[in-house]
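# Examining the three-dimensional arrangement
Next come the chains, spelled out residue by residue.
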Amino acid sequence: MDLERIQQALALEQLNGWLFYDFRKSNPLAYQILSLPEQEFYTRRWFYFVPTQGTPTALVSAVEPHVLHSHPGQRRVFRTWQEMHAHLKDILQPGMRVAMEYSPMNAIPYTSRVDAGTVELVRSCDVEVVSSANIAQRFMAQLSDFQVETHREAGRRIIAAKDRLFEELSKALRTDTPLSEHSVQQRFSMLLQEAGVVFPDLPHVAVNANCSNPHYAPTAEQNSPIERGDLILFDFWAHLPEPDAIFADYTWMAFAGTREEIPTHQRTVFELVRRARDTGIAFVRQQLAAGEQVQGCQVDDVTRSVIVNAGYGDYFVHRTGHSIGTIVHGNSANLDNFETQDQRVLLPNTCCSVEPGIYLPKFGIRSEVNIIVHEHDLEVTGVPAQEEIVALL
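Residues take numbers from 1 onward in each chain, read along the sequence in its written order. Under the rules for a predicted model, residues below a pLDDT of 70 receive no local features and side-chain atom pairs below 80 are neither given nor counted, while totals for whole chains, interfaces and linings still include all residues. As a rule here, side-chain values cover all heavy atoms of the structure and leave hydrogens and water aside.

### Here we look at the pairing of strand E6 (residues 128-131)
Taken together, the 4 bridges between strand E5 (residues 97-100) and E6 define a ladder with parallel strand orientation. Considered in E6, the bridge of methionine 100 is made with serine 131. A crossover links E5 with its parallel partner E6, the connecting element being helix H4 (residues 116-123), and its sense is right-handed. In short, DSSP must find at least two bridges between two strands for them to pair. Each helix is a run of H or I in the DSSP string that is no shorter than four residues. Each strand is a run of E no shorter than two, and both are numbered from the N terminus. The handedness rule is simple: strands pointing away from the viewer, and a clockwise path from the first strand over the helix to the second, make the crossover right-handed.

### A look at the pattern of salt bridges
The salt bridge definition used is simple: a Lys or Arg side-chain nitrogen within 4 Å of an Asp or Glu carboxyl oxygen. Tallied over the entire structure, the rule returns 24 salt bridges. Among the salt bridges present, the one from glutamate 387 reaches arginine 277, with a minimum N-O distance of 3.6 Å. With glutamate 387 in the loop between strand E17 (378-381) and strand E18 (390-391) and arginine 277 in helix H8 (residues 264-289), this pair connects stretches of sequence that are 110 residues apart. Residue glutamate 387 is classed as partly exposed on the basis of its relative accessible area of 46%. Only protein chains enter the calculation, and the probe is 1.4 Å; a residue is then buried if its accessible area is under 20% of its type maximum, exposed if over 50%, and partly exposed in between.

### Focus: the sheet that holds strand E13 (residues 350-354)
Here we have 4 strands laid out as an open sheet, ordered E12-E13-E16-E17, and antiparallel in their pairing. Only two strands of the sheet have a single partner each, and these edge strands are strand E12 (323-324) and E17. The pairing of strand E16 (residues 369-373) with E17 spans 4 bridges and is classified as antiparallel. Its bridge partner lying in E17, isoleucine 372 is registered against glutamate 379. Should any heavy atoms of two residues lie within 4.5 Å, those residues are considered in contact. To define axes, lines are fitted to C-alpha atoms, for helices over the stretch in contact only, and angles between the resulting N-to-C directions are given on a 0 to 180 degree scale. With respect to the sheet, helix H6 (residues 145-174) is in contact with E13, E16 and E17, its orientation differing from that of E16 by roughly 160°.

### Some remarks on the sheet that holds E6
Taken in spatial order, the 6 strands of this open sheet run E4-E3-E2-E1-E5-E6, and their pairing is mixed. Strands at the two margins of the open sheet, each flanked by one partner only, are strand E4 (74-78) and E6. Across the sheet, the mean angle from the axis of one strand to that of its neighbour is 25°, orientation sign disregarded. As judged from the 6 bridges shared by strand E1 (residues 17-22) and strand E2 (residues 46-51), these two strands associate in the antiparallel manner.

### Focus: H6
Helix length check: H6, at 30 residues, gives a terminal C-alpha distance of 44 Å against a target of 44 Å (1.5 Å per residue), a fit within 8%. Positive phi shows up at aspartate 176, right after H6, with a value of about 55°. Between the first and last residue of a helix there are one fewer steps than residues, each counted as 1.5 Å, and that sum is the expected span.

### Some points on the environment of serine 323
If you trace the backbone, serine 323 turns up in strand E12. Sequence separation between serine 323 and isoleucine 371 is 48 residues, and the spatial gap between their C-alpha atoms is 9.7 Å. Once residues within four sequence positions are removed from consideration, serine 323 is found in contact with Val328, His329, Gly330, Asn331, Ser332, Ala333, Asn334, Cys351 and Cys352. Pairing of N or O atoms within 3.5 Å defines a polar contact, subject to two protein rules: one partner must be a possible hydrogen donor and the other a possible acceptor, and residues neighboring in sequence count only if both atoms are side-chain atoms. A polar contact of 3.4 Å, which involves the side chain of serine 323, links it to the backbone nitrogen of asparagine 331.

### Re H4
All of the buried residues in H4 are Thr118, Val119, Leu121 and Val122. All buried residues of H4 lie within an arc of 155° about the axis, which places them on one face of the element. Facing away from the buried side of H4 by more than 90 degrees, the exposed set consists of Ala116 and Glu120. Turning to H4, the residues buried within the fold contact E1, E2, helix H3 (81-91), E5 and E6. The distance from a side-chain oxygen at the start of H4 to the backbone nitrogen of glycine 117 is 3.1 Å, and the residue carrying that oxygen is aspartate 115. In this context, the arc is that of the directions from the helix axis out to the C-beta atoms.

### Notes on the nonpolar core
Counting residues in hydrophobic clusters, the biggest one holds 31 residues, and the most contacted among them are Ile158, Leu169, Val184, Ile232, Phe234 and Phe236. Of all elements in the fold, only H6, helix H7 (181-194), strand E8 (204-207), strand E10 (231-238) and strand E11 (248-255) reach the threshold of two or more residues within this core. If one sorts the elements of this core by residue count, H6 sits on top with 9 residues. Non-local contacts of valine 184, meaning those with residues more than four positions away in its chain, are made with Leu165, Leu169, Leu179, Val205, Ile226 and Phe234. Think of a nonpolar core as a cluster: buried Ala, Val, Leu, Ile, Met, Phe, Trp, Tyr and Cys residues, connected wherever their side-chain atoms sit within 4.5 Å. The next biggest cluster of nonpolar side chains, apart from the first, holds 26 residues, and it includes Ala30, Ile33, Ala58 and Val60.

Right, dumping it as structure tokens:
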């Protein structure tokens, strides 16, 4: 645990402290931020209060005095619930503003880890409970220079694997070699393995109406053939084999035919999705260049408005993008004011996807790139970004 860094972050947010709470590992964010060993035995409630200045205080059960034993600060032990309440009221002074893993109205469920009753208990100490959502990002999502480079390199490798796959599909179509979503998925997986990346799930390959299911994945038992004139969606993600490497995650669209054969409606919808993607990216870049903070929900609004204004709003059925880290769906701000109200700020050295989509009954189209947020700019990875549907013939 980096106590000095936590206290600096609290000072920046003008908070009096951060009250961590857990019951039976119900708060994984606390374990990550405090670097707690999850393999230890936890069956009782515990609190750990980190003030903006001064010494932390651990409040633990007499049944499990080992909890937080390696962390700095004073230790208080409770036997009964009455003793726990009394200690808590002594630790928290009236008028304090205290961060907890709480989200008003459950707007951001990813950070809402403290139950309502515990929040009521803390408020009974005459303190204000505020969300730790923004401050927690600093300890879970900001990447080191090494991690940023692992993301870039993973992106280069999986885009190259995609290019090789497209070349092979072009040859197969020219020779009338039978293709299916499953066979292409298996071949894509082999190319990713040859690229030396790690992917916990197989890439998604979908044709035509299957593209309209954002999480569609073929299996050996259930998949569709790929034939001349089909629209194909490829969604693929992976990371380098190094510890703490960061995922790259992209989606591309291809057509099993010539450029002239691509239906006008598919071209039009792709262009709309591309424009929405680039409008969202331009908005983030503009705000950062002006020294303004950018909330994830704002980016979703700007991106989504392009699709809504074109009359396709009902067919954009998911958020604009998700955080990316050592897991493909990470723990920092998502580009979302649709599924959740994510008011977290995009912090420097964080990574997320930008992936608007339109999912119609007969076909779906999505375009996905990743962005790395810098202090006053952003960097797009997975480049060159897709500008039109790729004709495989």
